[in-house]
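Read off the chains here:
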Amino acid sequence: MTTAAARPAVGAPLVERVLARYRERTLAELLRHIPEQSPPYLYDLAADYPTRPCKGLRAALCLATCAAFGGRPERALNPAVTVELFHNAFLVHDDIQDGSELRRGEPTLPARYGVEVALNVGNATNLLGLRRVMANRRALGGELAWRLFEETELMCRQSLEGQAMEIAWIRDNACGLTSADYYRMCLKKTSWYTFLYPCRSGLLVAEGAAADAARLDRFGWYLGAAFQIQDDVLNLVGEAEEYGKEIAGDLWEGKRTLMLIQLLERATPAERVRVVRHLSLTRSQRGPGAAEDVAWLLDRMTAYDCVAHAREAAAGLVAAAAREIEAVLAAPPAPAAAGGPSAGGEDAEEAAEARAFLLALPGFVVARGR
């Protein structure tokens, strides 16, 4: 059996190819449903983030899961668009809450147009996502549409609760958090909407698929936590041009990453006082010495091997995710899935490639640079 550690070099081109193909399909469908008639600074800007360079991972997961388990990906295209719209709405609101300056290599919507415009665009993008959820009734039938609606409500609830946890930690200057607290936040904020929701939606559309749904959920949970850790690591040590966001932005914003939690645990009493003092202030409250504090925090994280610890944790999660998806895919795809592929031809080839994509994804998550 191929291990996750050995997979990135072999699997990365496959993953990139599948991501590109599914992103093209999803983006074309997404743009088709954005209203052409728009008040100023509304629906036209809802297309801004989706059209910037990105992986389209969540939509691809929805389509690939459907194909891998015997369904026709075109039946999952509308749910994939739904995933992508809610994702981009979250990004707009995240950029407002975090005061972020860059998103995918360009100024964020709040930085470019102001908070008022960005907030309204984020709400409009959620509305467009809701309209796609409603459209499932005509395309997929009432029962399946309702189950997809329930999944969407669950994802939104989990994501909002995870975001609330992170906001509360910053607002209350929580400095006694543990790794378990961080992982619980990752499950809610990242794993649910980045991996569990797309996979569960794709599996639902592949009706009749014989799959171990609990193991598929664990695959999503482990991979989501590893994905978030890699995001946090890249925020500190990534290449700015490839990363596309502000380097060390998490330190400016006071986000409680696994590295920061480790630093608070390992720092000397005097160092901890300085860390806590930095975290007690908002970005706008910090004076001219803030850049020096951020550089010092990064230096201390390096000295205490906090980044290395985080990478080791991500590697362990990736290995666990790989074991789960390998077990789930050990059974052949279900030929009886509703609208499933025929025994041969392009449909069967896409199903095989989708399964290979899911197997290669764990290694890709921690090898990526953005």
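Residues and numbers for the pattern of salt bridges, please.
Under the counting rule described, the total for this entry stands at 25 salt bridges. Note that Arg21 and Glu353 form a salt bridge whose closest N and O atoms lie 2.8 Å from each other. Remark: Glu353 occurs in helix H17 (residues 345-367) and Arg21 occurs in helix H1 (residues 8-32); sequence separation between them is 332 residues. One salt-bridge network, in which partners are shared between bridges, spans Asp48, Arg52, Glu106 and Arg112.

Describe in detail the confidence of the model for the chain, supporting the description with residues and values.
The share of residues in the chain with pLDDT of 70 or more is 92%, and the mean pLDDT across the chain is 90. The model gives residues 1-9 a pLDDT under 50, and that stretch makes 14 contacts with residues more than four places away or in other chains.

A description of empty space enclosed by the protein should follow, citing residues and the corresponding values.
With the rule as written, the count across this model stands at four cavities of 30 Å³ or more. Each pocket or cavity is described by its volume, and for the largest cavity that value is around 50 Å³. Lining the largest cavity are Arg23, Thr26, Leu27, Leu30, Pro50, Gly56, Ala59 and Glu84. With four residues, H1 is the largest single contributor of residues to the lining of the largest cavity.

Lay out the layout of surface pockets with the relevant residues and their values.
Where empty space is left can be seen by rolling a probe of water-molecule size over the atoms. The computed volume of the second largest pocket comes to approximately 440 Å³. Taken together, 20 residues make up the lining of the second largest pocket; nearest its centre are Gln97, Ile170, Arg171, Glu253 and Thr282. The element contributing the most residues to the lining of the second largest pocket is helix H8 (residues 142-171), with five residues. Grouping the constituent residues of the lining of the second largest pocket by class yields five nonpolar, eight polar and seven charged.

I'd love a proper account of helix H9 (residues 179-205), names of residues and values included.
Where H9 bends most, the angle comes to about 65 degrees, and this point is Ser191. Of all 27 residues making up H9, 21 are buried, and the element is well covered by its neighbours.

Describe the environment of Arg131, listing the residues and the values that go with them.
When you line up the elements, Arg131 lands in helix H7 (residues 115-140). As a C-alpha pair, Arg131 and Glu151 span 20 residues in sequence and 15 Å in three-dimensional space.

Can you explain the packing of helix H13 (residues 258-266) against helix H15 (residues 290-303)? Please cite residues and give values.
Where H13 meets H15, the axes come as close as 10 Å, and the angle between the chain directions of the two elements is 75 degrees. Accordingly, the angle class assigned to the pair H13 and H15 is roughly perpendicular. Seen from H13, the contacting residues are Met259, Leu260 and Leu263; seen from H15, they are Leu297, Arg300 and Met301. Looking at side-chain class alone, the contact of H13 with H15 contains five nonpolar, no polar and one charged residues.

Got a sec to walk through the environment of Gly71? Specific residues and values, please.
Mapped onto the elements, Gly71 comes out in the loop between helix H4 (57-68) and helix H5 (77-98). Residues Gly71 and Phe364, 293 residues apart in the sequence, show an inter-C-alpha distance of 24 Å.

Any chance you could break down a nonpolar patch on the surface for me, citing the residues and the numbers?
On the surface, a cluster of nonpolar side chains totalling about 510 Å² of accessible area is made up of Leu127, Leu130, Met134, Trp146 and Phe149. Where the nonpolar patch is concerned, the elements lending two or more residues are H7 and H8. In terms of residue count, the dominant contributor to the nonpolar patch is H7 (three residues). Secondary-structure assignment places Met134 in helix H7. With a relative accessible area of 57%, Met134 lands in the exposed category.

Rules of the game
- Residues numbered from 1 in each chain as written.
- Predicted model: local features only at pLDDT ≥ 70, side-chain atom pairs only at ≥ 80, totals over all residues.
- Heavy atoms only, no water.
- Salt bridge = Lys/Arg side-chain N within 4 Å of Asp/Glu carboxyl O.
- Helix = DSSP H or I, 4+ residues; strand = E, 2+ residues; numbered from the N terminus.
- pLDDT = per-residue confidence, 0-100.
- Contact = heavy atoms within 4.5 Å.
- 1 Å grid on protein atoms, 1.4 Å probe; cavity = no way out; pocket = protein on both sides within 12 Å on 5 of 7 lines; lining within 4 Å.
- Points joined across faces, edges and corners; volume = space filled by probe spheres on them.
- Nonpolar A, V, L, I, M, F, W, Y, C, P; charged D, E, K, R; others polar.
- Bend = angle between axes of the 7 residues up to and from the residue.
- Buried < 20%, exposed > 50% of the residue type's maximum accessible area, 1.4 Å probe, protein only.
- Axes fitted to C-alpha atoms, helices over the stretch in contact; angles between N-to-C directions.
- Parallel < 35°, antiparallel > 145°, perpendicular 65-115°, else oblique.
- Patch = residues over 30% accessible without salt bridge, like charges linked within 9 Å, V, L, I, M, F, W, Y side chains within 5 Å.
- Areas by Shrake-Rupley, 256 points an atom, 1.4 Å probe, with all protein chains shown as cover.

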